[in-house]
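So the chains spell out like this:
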Amino acid sequence: GQQLNQSPQSMFIQEGEDVSMNCTSSSIFNTWLWYKQDPGEGPVLLIALYKAGELTSNGRLTAQFGITRKDSFLNISASIPSDVGIYFCAGQRSYGGSQGNLIFGKGTKLSVKP
Amino acid sequence: GAVVSQHPSRVICKSGTSVKIECRSLDFQATTMFWYRQFPKQSLMLMATSNEGSKATYEQGVEKDKFLINHASLTLSTLTVTSAHPEDSSFYICSARDRSRGPLYGYTFGSGTRLTVV
């Protein structure tokens, strides 16, 4: 099935660093969602974006819905060890029918620098 | 609010047997539930959409007869992997949508089921 282009695939962080990741698509989306998945767990919703240009924060996390509706980014400021995990973006093209199903990016794996 | 419970979290079964996975919305009614499959280091791939009281809609390439989905109530959907084979080993995750929060609300995921077929 279709997937979003999410980058980077992986990154190493040092405590206190800011982190940035993004998702792009060739299609327009009405909703962008950002999830975090810990090993052996289901994804947990971090931020949901519903309007083009929208900038939303959740604690140290900030995400934006791109003005073209084809991209979104997630920033994590002052990272801490518990930020490690896999972050997925997900897009929804419409609110109903099969177009309302979520399409996922391939994920960005955050690890702690050795 | 919006909690989804998935059970079991882990299951090991013999090849040829069937396994049932349950997905429950604990504090809301979910007219629609979704079943995903996730391979190691991969993203979530939608298998099927489960609608309460009607047949599930399967994604292309997903065998309906192998992955039986039942959504008999507004709070429970089940996925049965029939005649399981080692290649069915995977992480299965369900999600549900809380429509009472409006059409814009995001999906809530269960904690997943690790299926190992030996």
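Report on the accompanying structure. (Residues numbered from 1 in each chain as written. Chains lettered and ligands numbered in written order. Predicted model: local features only at pLDDT ≥ 70, side-chain atom pairs only at ≥ 80, totals over all residues. Heavy atoms only, no water.)

**Quick notes on the state of the cysteines**
Rule in force here: Pairs of cysteine sulfur atoms within 2.5 Å are identified as disulfides in what follows. The way it works is that DSSP assigns letters per residue, a run of H or I at least four long becomes a helix, a run of E at least two long becomes a strand, and they are numbered from the N terminus. Burial here depends on accessible area, computed with a 1.4 Å probe over protein chains only, as a share of the maximum for the residue type. Under 20% is buried, over 50% is exposed, and the range in between is partly exposed.
Summed over all chains, the structure comprises two disulfides over all chains. Disulfide partner of Cys23(A): Cys89(A), at an S-S distance of 1.7 Å. As the torsion about the S-S bond is roughly -75°, the Cys23(A)-Cys89(A) disulfide counts as left-handed. Placement of the pair is Cys23(A) in strand S3 (residues 19-24) and Cys89(A) in strand S9 (residues 85-92), with a sequence separation of 66 residues. Note on Cys89(A): relative accessible area 0%, which makes it buried. With a sulfur-sulfur separation of 2.0 Å, Cys23(B) is cross-linked through a disulfide to Cys94(B). Across the S-S bond linking Cys23(B) and Cys94(B), the dihedral sits near 80°, which makes this disulfide right-handed. Linking Cys23(B) in strand S3 (residues 19-25) with Cys94(B) in strand S9 (residues 90-97), this pair joins segments that are 71 residues apart in sequence. The same class applies to Cys23(B) and to Cys94(B), which are both buried. Take Cys13(B): it sits in no disulfide, and the sulfur closest to it among the cysteines is that of Cys94(B), at 18 Å.

**Overview of the pairing of strand S1 (residues 4-7) of chain B**
All names here are of chain B. What counts here: Note on pairing: two strands pair once DSSP finds at least 2 bridges between them.
Residues Val 4 and Gln 6 line the buried face of S1, whereas the alternating positions Ser 5 and His 7 sit on a face that is not buried. Relative to S3, S1 runs antiparallel, the two being bridged by four bridges. Across the sheet, His 7 pairs through a bridge with Glu 22, a residue of S3.

**Points about the nonpolar core**
Test applied: Among the buried residues, those of types Ala, Val, Leu, Ile, Met, Phe, Trp, Tyr and Cys that are joined through side-chain atoms within 4.5 Å form a nonpolar core. What makes two residues a contact is simply this: any of their non-hydrogen atoms within 4.5 Å.
In terms of nonpolar packing, the biggest core is built from 26 residues, with Trp35(B), Tyr58(B), Phe67(B), Ile69(B), Leu79(B), Tyr92(B) and Leu115(B) touching the most fellow members. Listing elements by their share of this core, those giving two or more residues are strand S2 (10-13), S3, strand S4 (32-38), strand S5 (44-51), strand S7 (67-73), strand S8 (76-81), S9 and strand S11 (113-117) of chain B. When sequence neighbours within four positions are dropped, the list of residues in contact with Tyr92(B) reads Gln6(B), Ile21(B), Tyr36(B), Arg37(B), Met47(B), Phe67(B), Leu79(B), Gly112(B), Thr113(B) and Leu115(B). Within the second largest apolar cluster, 21 residues are counted, among which are Ile13(A), Leu46(A), Tyr87(A) and Leu110(A).

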